[in-house]
Amino acid sequence: MILVIAEHNNEYLKSFTLNAIQASSQIESEIDVLVVGNKSDNVAKELSGVPLVKKVLHINSETYDKQLAEDVAPLITNIAEKYDYIIAPATACGKNLMPRVAAMLDVSQISDIIKIEAPDIFVRPIYAGNALATVKSLDSKKIITVRPTSFDPAPSSGGSAPIEEIQSSESAKLSNFIKKEESKSDRPELGTARVVVSGGRGLQSSENFKLITDLADKLNAAVGASRAAVDAGYVGNDFQVGQTGKVVVPELYIAVGISGAIQHLAGMKESKIIVAINKDEEAPIFNVADYGLKADLFEVIPKLTEELSKLNIIKK
Amino acid sequence: MKILVAVKRVVDYNVQVRVKPDGTGVETENVKMSMNPPDENAVEEALRIKESGKATEIIAVSIGESKCQETIRTALAMGADRGLHIEVEGIIEPLAVAKILKKIVEKENPGLVLLGKQAIDDDCNQTGQMLSAMLAWSQGAFVSKIEFSGENIQVTREVDEGLEILDLKLPSIVTCDLRLNEPRYASLPNIMKAKKKPLDSLSLKDLNVDITPRIQQIKVEEPPKRQKGIMVSSVEELLQKLKNEAKVI
Ligand SMILES: Cc1cc2nc3c(=O)[nH]c(=O)nc-3n(C[C@H](O)[C@H](O)[C@H](O)COP(=O)(O)OP(=O)(O)OC[C@H]3O[C@@H](n4cnc5c(N)ncnc54)[C@H](O)[C@@H]3O)c2cc1C
Ligand SMILES: Nc1ncnc2c1ncn2[C@@H]1O[C@H](COP(=O)(O)O)[C@@H](O)[C@H]1O
């Protein structure tokens, strides 16, 4: 049996949970999902509608309002006994929580799998995706995080899985939530957007980064960035694409003023179509680009944005 | 308060790694090796905490083959006070690393353990969280800021939605992001001085930890190569290709 850990913010389910459920279904069909939250009934309801889910386990308590790893991990290990697999998406949330669960169960976690070869054999990228390792888990219980963009989302409606409420336990009282600073935007989410426009150090300033957001808006795209652009303060950390940022697999990825370091490629080289705009024809980004344009971004990006306004043919 | 910093020896981040033809791993012979990048941030942060008067001693620990001592020397040259090397051959899983670190924590009683958020070779992103669970300590993962407030620390974590700020009870485990600070370079005199700093070596037997592999590596291969595309000469041509050839706009 598989237990999938749902990612959510108490109000709604984070869609990458569906990708983890879909991946799980390639292992076996007995899939329960655990929702740990506070006033998170909506999330439990959403999951009950997912046809691949057999049962939703719901723990509803103020203790879990912020889902601190120190508090959530023991809950999971308490109910772990009957499950052969515990699976979560390899997001910041899953990466924070799951190794804690694994250590408490004395299991070696398999991180960030991109393929399931057999119920105990998985493929995962190593060295920033410059190599793929096929590994076999020898633990009887398997703790896995799934790279969400490597699996389709499971269909989200039509099911009617029962919801079982579970008892909460005491907080470990090791950490306290102070606050969260979320960037708010009406643009599509970086992780799931059909089109991503990313800017790098070539933009030179946060003011200039508006060229990227303007272009993104014309394409109904999410905005991404290289680590250098984030480090320089042009945009927040949640925009970062790469080995130590987010992995994106959009239909169209447009890299502007980004050199294409392997750590950046690790986060975007599976994109369907890659466009690179860079003034240096030697920039390694051109080696992975389907279409390269050697040009000064300050000349061509405004033009591109303007031409797109004229075309007005955005696919949603 | 002592601070323990875990430093891993990895293939330098500038090296274009090559998969061995026999599929057993990647080439590490005659390849530049360095300290795992975020572990440098961990060392730097420990130094700053000590410089601010909140720590008394910094111990750098590395687990692996004997050459890990070079990595420890780098940490000592940056300013750590002493080193600990645990000699282990071959691949060692994060679970085993965490178990070894736990033993060392029990010996040394640090108030804070700093690790990198992720090793750039295995990309596992597990060790700190595992260690924290084994010790039943608080955990700050993917941290880009640490501030002391009384008996606690406040950490800023980089999460998918932005930033999260937590208050952690000490002792604590913190895994560091590259944005935590700008690691210093070791000066030549400090590199010389580091050669005289204490560096103890322990064997697995001394620690009595079971590190039997739980994961069997079946093969390592190159990812499929992406075909290099074409260069276009103008915005118009680019748009035309995206519309009519790639059909993505
Ligand atoms: C452990 C580790 C993890 C890392 N993780 C990540 C990660 O997750 N994501 C990531 O992105 N990086 C990551 N990095 C950093 C990475 O190595 C590179 O430093 C970074 O990606 C460079 O960003 P950049 O391409 O924006 O900047 P640069 O390399 O400085 O490139 C800027 C580019 O802009 C071009 N340019 C400048 N001006 C113009 C102009 N007017 N018009 C057109 N082009 C112009 C230049 O020709 C150049 O190619 C990591 C590094 C380490 C060590
Ligand atoms: N063999 C090792 N020796 C010392 N520290 C390690 C070792 N392996 C992992 N670490 C620490 O754990 C962090 C995360 O590693 P990982 O969980 O493998 O991604 C690294 O940044 C190091 O700080």
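Parameters and conventions
- Here, residues in each chain are numbered from 1, in the same order as that chain's written sequence.
- Written order decides the labels, with chains lettered from A and ligands numbered from 1.
- Owing to the predicted nature of the model, reporting of local features is limited to residues with pLDDT of at least 70; listing and counting of side-chain atom pairs is limited to 80 or more, with chain, interface and lining totals taken over all residues.
- Heavy atoms throughout the structure, all of them, feed into the side-chain values; hydrogens and water do not.
- Buried Ala, Val, Leu, Ile, Met, Phe, Trp, Tyr and Cys residues that are joined via side-chain atoms within 4.5 Å together make up what is termed a nonpolar core.
- Using a 1.4 Å probe on the protein chains alone, a residue whose accessible area is under 20% of its type maximum counts as buried, one over 50% counts as exposed, and one in between counts as partly exposed.
- Elements are defined by DSSP. Helices are runs of H or I of four residues or more, strands are runs of E of two residues or more, and each kind is numbered from the N terminus.
- We call two residues contacting when some pair of their heavy atoms lies within 4.5 Å.
- In this analysis, rings of Phe, Tyr and Trp, with Trp reduced to its six-membered ring, are considered paired at centre separations within 6.5 Å, and the interplanar angle assigns stacked below 30 degrees, edge-to-face beyond 60, and tilted for intermediate values.
- We call a charge positioned over a ring when the NZ of a Lys or the CZ of an Arg lies within 6 Å of the ring centre and within 35 degrees of the ring normal.
- Throughout this document, a residue counts as near a molecule or strand when at least one of its heavy atoms sits within 4 Å of that molecule or strand.
- Residues adjacent in sequence count toward polar contacts only when both atoms are side-chain atoms; beyond that, a polar contact is any pair of N or O atoms within 3.5 Å, and within protein one must be able to donate a hydrogen and the other to accept it.
- Each residue receives one of three labels: charged for Asp, Glu, Lys and Arg, nonpolar for Ala, Val, Leu, Ile, Met, Phe, Trp, Tyr, Cys and Pro, and polar for the others, Gly being one of them.
- Whenever a helix is involved, its axis is fitted only over the stretch in contact; in every case the axis is a line through C-alpha atoms, and angles between N-to-C directions fall within 0 to 180 degrees.
- For classification, angles of less than 35 degrees are called roughly parallel, those exceeding 145 degrees roughly antiparallel, those between 65 and 115 degrees roughly perpendicular, and all remaining angles oblique.
- By definition, turning the near helix anticlockwise from the far helix through less than a right angle yields a left-handed crossing, and turning it clockwise yields a right-handed one.
- What gets called buried area is simply the loss in accessible area from a 1.4 Å probe that two parts show on being joined, summed for both.
- Each salt bridge in this description consists of a side-chain nitrogen of Lys or Arg and a carboxyl oxygen of Asp or Glu lying within 4 Å of one another.
- For the accessible areas, the method is Shrake-Rupley and the probe is 1.4 Å, while residue cover comes only from the protein chains on display.
- Following DSSP output, two strands are said to pair if at least two bridges run between them.
- The source of the domain bounds is an automatic or database domain assignment.

A few words now on the nonpolar core. Among soluble globular proteins, nonpolar side chains are generally buried collectively. Counting 53 residues, the largest nonpolar core has I5 and I76 of chain A together with I86 and I100 of chain B as the members making the most contacts within it. Take this core: its biggest share by element is eight residues, from helix α3 (residues 94-108) of chain B. The residues touching I100 of chain B, leaving out its near neighbours within four places in the chain, are I63, I86, V88, I92, L204, L207, V209 and I211 of chain B. Ranked by size, the runner-up nonpolar core spans 42 residues in total, among them I2, A23 and V135 of chain A together with V26 of chain B.

Looking now at the packing of aromatic side chains. Residue and element names in this part refer to chain A. With the rule as written, the count across this model stands at one aromatic pair over all chains. Each ring, one from F209 and one from Y234, has its centre 6.5 Å from the other, and the planes form 50°; the classification is tilted. Here Y234 lies in the loop between α6 (227-231) and β14 (252-256) and F209 lies in the loop between β12 (195-199) and α5 (210-218), a separation of 25 residues in the sequence. Each member of the pair, F209 as well as Y234, is classed as buried. Sitting over the face of the ring of F177, K66 holds its NZ or CZ atom 4.6 Å from the ring centroid.

Right, let's talk about the site of ligand 1 for a bit. Around ligand 1, the structure places 29 residues, and the nearest of them are R201, S226, T244, S259 and Q263 of chain A. In this structure, ligand 1 sits where chains A and B come together, each supplying nearby residues. One of the side-chain N or O atoms of S226 of chain A is found 2.6 Å from an oxygen atom in ligand 1. Separating a nitrogen atom of ligand 1 from a backbone N or O atom of K279 of chain A is a distance of 3.1 Å. Secondary-structure elements contributing two or more residues to the shell around ligand 1 are α6, α7 (262-265) and α8 (297-311) of chain A. Partitioned by chemical class, the residues of the shell around ligand 1 number eleven nonpolar, 13 polar and five charged.

We now examine the packing of α8 of chain A against helix α7 (residues 235-245) of chain B. Their axes nearest at 10 Å, the elements α8 of chain A and α7 of chain B cross at an angle of 50°. Relative to α7 of chain B, the element α8 of chain A lies oblique. As for how α8 of chain A packs across α7 of chain B, the hand of that crossing is right-handed. Between α8 of chain A, through V300, K303, L304, E307, L308 and L311 of chain A, and α7 of chain B, the contact on the second element is made entirely by V235, E236, L238, L239 and K243 of chain B.

On to the interface of chain B and chain A. Of the residues lining the interface, 79 residues belong to chain B; the matching set on chain A comes to 88 residues. Here chain B packs against chain A, burying approximately 7,200 Å² in sum over the two surfaces, 55% of which is carbon and sulfur. The shortest N-O distance in the salt bridge between D106 of chain A and R214 of chain B comes to 3.0 Å. Applying the counting criterion to the chain B and chain A interface returns 53 residue pairs in polar contact (both at pLDDT 80 or more).

Attention shifts here to the site of ligand 2. Residue and element names in this part refer to chain B. Taken together, 19 residues are adjacent to ligand 2, and D39, I63, A119, N125 and T127 come closest. In this structure, an oxygen atom belonging to ligand 2 sits 2.5 Å away from a side-chain N or O atom of D39. One of the side-chain N or O atoms of T127 is found 2.7 Å from an oxygen atom in ligand 2. Burial of ligand 2 by the protein chains amounts to 99% of its free accessible area of 480 Å². Elements with a minimum of two residues in the shell around ligand 2: β4 (57-64), α3 and β6 (112-116). When residues of the shell around ligand 2 are assigned to their parent elements, the largest contribution, three residues, is made by β4. For the shell around ligand 2, the residue count by class is nine nonpolar, seven polar and three charged.

Another aspect to go through is the pairing of strand β2 (residues 31-37) of chain A. Residues and elements named next belong to chain A. With respect to burial, β2 is a largely interior element, seven of its seven residues being buried. Because side chains alternate across β2, one face comprises the buried residues I31, V33, V35 and G37, and the other comprises D32, L34 and V36, equally buried. Two elements, strand β1 (residues 2-5) and β2, share four bridges in a ladder whose sense is parallel. From the neighbouring strand, I2 faces β2, where its bridge partner is I31.

Attention now goes to the environment of N278 of chain A. All names here are of chain A. Take N278: it is sitting in strand β15 (residues 273-278). Sequence separation of N278 and Y64 is 214 residues, and the distance between their C-alpha atoms is 46 Å. A polar contact of 3.1 Å, which involves the side chain of N278, links it to the backbone oxygen of I258. At 2.8 Å, the side chain of N278 and the backbone nitrogen of D280 are in polar contact.

Bringing helix α2 (residues 68-78) of chain B into the picture now. Every buried residue of α2 of chain B is accounted for by C68, T71, I72, A75, L76, A77 and M78 of chain B. Positive backbone phi, approximately 140°, marks G79 of chain B, located one or two places after α2 of chain B.

Next up on the list: the domain arrangement of chain A. Residues and elements named next belong to chain A. Taken domain by domain, chain A holds domain 1 (2-165) and domain 2 (195-311). The centre of domain 1, based on its C-alpha atoms, is set 31 Å off from the matching centre of domain 2. At the interface, five residues of domain 1 touch six residues of domain 2. Summing both partners gives a buried area of about 540 Å² for domain 1 against domain 2, and 49% of it is carried by carbon and sulfur. Looking at the side of domain 1 facing domain 2, the largest losses of area belong to A128, R147 and T149, adding up to 71% of the total buried there. On inspection of domain 1 and its partner domain 2, the count reaches zero salt bridges. The tally of links between domain 1 and domain 2 comes to one residue pair in polar contact (both at pLDDT 80 or more). Each residue belonging to the side of domain 1 that touches domain 2 can be placed in one class, and the counts come to one nonpolar, three polar and one charged.

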